[in-house]
Amino acid sequence: MKIGLVGLGKMGYQLALNMKDQNYEVVAYDTSKEVMDDLHKQGIIIVQSYQEMIKKLPQPRVIWLMVPAGNILEKVLLEFKELLDKNDVLIDGGNSNYLDSIRHYNLLKENAIDFIDCGTSGGVDGARNGACLMVGGEQAVVQNIEHLFSSIATKNGYGYMGKPGSGHFVKMVHNGIEYGMMQAIGEGFDLMHNNQFDLNYETITRVWSNGSIIESALIDNVHSAISKDAKLDKIIGRIDDSGEGQWMIEDALRNKVSMPAITSALFARYKSKDDEKFSEKVVAAMRNEFGGHKVYKK
């Protein structure tokens, strides 16, 4: 089977190689000529335009998008809407808002083009060696190409979630949970960092990664990072967010669902970017005014 793949960033690049290993003939496109040349050397068919990709794919075509959510994805979708034919399938494997995915499904349906939303997890290693895939779309459409999802996923790592939008909805929830878990792990290490004991974090994470209740891929990730930088001295504690935590909290507000842990984790990420820490300055100033408490000045 031939499959088109648009977007050869960290995840898309590895997915292309994963698909090739599973005997899919990948026709790929990216804006980076360097990346395309590199993949071409590894047996991936490279095209210079969406039009060329469409000509190389048999009908009904299957095209997998791994492009950033937002304006870039909107532009790509609109271009393919005009180029694809009835019953062609467009898969969004990025981190899109599930509400956008429902809209994209309806938008493409106007031209009888099928749309599948695929939440993709497992990081770069998963993309290369077996991803975790949460797939939403019309059941009959998904079933027609289910072999693709099953073959590039890790064992038991693919599941059909339900109607259009459900794949990205479940991925959003997954990422929100991830925010809370990561924040809890970070706070635990913060306490260990500020204590009377001379602790070895490499030993701790190794032990926690073998039989503990909090054994997980995240603890493994900490162990890997600590093994390279024992006290993480080379890292600045600034944490970005890619949107899913915010979307999840917005959804919780609409549905009146309490999510204090995940909300707190998202706000902690926002605070990590605050170099001025103005709220702390205000609190320190108030304490000084009403109680004469010490204020630390530059």
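Please refer to the structure higher up on the page.
None of these values were measured; they are calculated from a predicted model. (Residues numbered from 1 in each chain as written. Predicted model: local features only at pLDDT ≥ 70, side-chain atom pairs only at ≥ 80, totals over all residues. Heavy atoms only, no water.)

Trainee: I keep staring at the overall build of the chain and nothing clicks. Help me out?
Mentor: Tallying secondary structure elements over the chain gives 14 helices and 8 strands in all. With the C-alpha coordinates aligned to their principal axes, the bounding extent of the chain is approximately 75 × 40 × 35 Å. Residues counted as buried form 41% of the 298 residues belonging to the chain. Contacts in the chain between residues at least 24 apart in sequence constitute 63% of all its contacts with a sequence separation of at least 6. By element, 54% of the accessible surface of the chain is carried by carbon and sulfur atoms, the whole surface being about 16700 Å². If you average the places of the 33 positive and of the 39 negative side-chain charges in the chain, the two averages end up 2 Å apart. (Helix = DSSP H or I, 4+ residues; strand = E, 2+ residues; numbered from the N terminus. Buried < 20%, exposed > 50% of the residue type's maximum accessible area, 1.4 Å probe, protein only. Contact = heavy atoms within 4.5 Å. Areas by Shrake-Rupley, 256 points an atom, 1.4 Å probe, with all protein chains shown as cover. Lys, Arg positive; Asp, Glu negative; His and termini not counted. Charge placed at Lys NZ, Arg CZ, Asp CG, Glu CD.)

Trainee: What am I meant to see in the side chain of Thr120 here?
Mentor: You can see Thr120 is positioned in strand β6 (residues 114–121). A polar side-chain atom of Thr120 sits 3.0 Å from the main-chain carbonyl oxygen of Gly93. A polar atom in the side chain of Thr120 sits 3.3 Å from the backbone oxygen of Cys118. (Polar contact = N/O pair within 3.5 Å; in protein donor to acceptor, adjacent residues only side chain to side chain.)

Trainee: Quick question: what am I supposed to make of the pairing of strand β4 (residues 62–65) here?
Mentor: A regular strand places its side chains on the two faces of the sheet in alternate fashion. Side-chain alternation along β4 places Val62 and Trp64 on one buried face and Ile63 and Leu65 on a second face that is also buried. Once the chain exits β4 it traverses helix α4 (residues 71–83) before rejoining the sheet at strand β5 (residues 89–92), and the crossover so formed is right-handed. (Right-handed = clockwise from strand over helix to strand, strands pointing away.)

Trainee: Any chance you could explain a nonpolar patch on the surface here in plain terms?
Mentor: Taken together, the side chains of Phe278, Val282, Val283, Met286 and Phe290 make up a nonpolar region of the molecular surface, amounting to roughly 530 Å² of accessible area. One can find Val282 in helix α14 (residues 278–291). Using a relative accessible area of 34% as the deciding quantity, one classes Val282 as partly exposed. (Patch = residues over 30% accessible without salt bridge, like charges linked within 9 Å, V, L, I, M, F, W, Y side chains within 5 Å. Salt bridge = Lys/Arg side-chain N within 4 Å of Asp/Glu carboxyl O.)

Trainee: Which parts of the structure should I look at to understand the nonpolar core?
Mentor: Nonpolar side chains in soluble globular proteins tend to end up buried together. Ile63, Trp64, Phe80, Ile91, Leu133 and Phe149 are the most contacted members of the largest nonpolar core, which has 55 residues in total. Residue contributions to this core peak at 5 residues, all from helix α1 (residues 10–21). By size, the runner-up hydrophobic cluster in this structure holds 11 residues, among which are Tyr98, Tyr179, Ile249 and Ile262. (Core = buried A, V, L, I, M, F, W, Y, C linked by side-chain atoms within 4.5 Å.)

Trainee: Explanation requested: helix α11 (residues 217–228) in the structure shown.
Mentor: Because each turn of an α-helix spans 3.6 residues, side chains separated by three or four positions end up pointing in the same direction. Relative to the 16 Å expected for 12 residues at 1.5 Å per residue, α11 spans 17 Å between its end C-alpha atoms, a close match to the ideal helical length. Along α11, the positions that sit buried rather than exposed are Leu218, Ile219 and Ile226. Projected onto a plane normal to the axis of α11, the buried residues spread over an arc of 100° and lie on a single side. Opposite the buried face of α11, at more than 90 degrees from it, the exposed residues are Ala217 and Lys228. (Expected span 1.5 Å × (residues − 1). Arc of directions from axis to C-beta.)

Trainee: Can you walk me through the pattern of salt bridges in this structure?
Mentor: One side chain can pair with another of opposite charge once the charged atoms of both are near each other. Applying the stated criterion across every chain yields a total of 14 salt bridges. For Asp274, the salt bridge identified is with Lys271, shortest N-O distance 2.6 Å. Since its relative accessible area comes to 28%, Lys271 is described here as partly exposed. Put simply, Lys281 and Glu276 hold a salt bridge, and the shortest N to O gap is 3.2 Å. Note on Lys281: relative accessible area 38%, which makes it partly exposed.

Trainee: Would you mind going over unusual backbone geometry with me for this structure?
Mentor: With the exception of glycine, the majority of residues adopt a negative phi angle, and the majority of peptide bonds are in the trans configuration. The omega torsion across Gln59 and Pro60 is -10°, close enough to zero to call that bond cis. Looking at where Pro60 falls in the secondary structure, it is placed in the loop between α3 (50–56) and β4. For Asn23, which is not a glycine, the phi torsion comes out positive at approximately 70°. Counting through the fold element by element, Asn23 comes out in the loop between α1 and β2 (25–29). In this structure Asn23 comes out as exposed when scored by relative accessible area, which is 69%. You will see that Asn87, though not glycine, has its phi angle at about 75°, which is positive. Turning to its location among the elements, Asn87 is positioned in the loop between α4 and β5.

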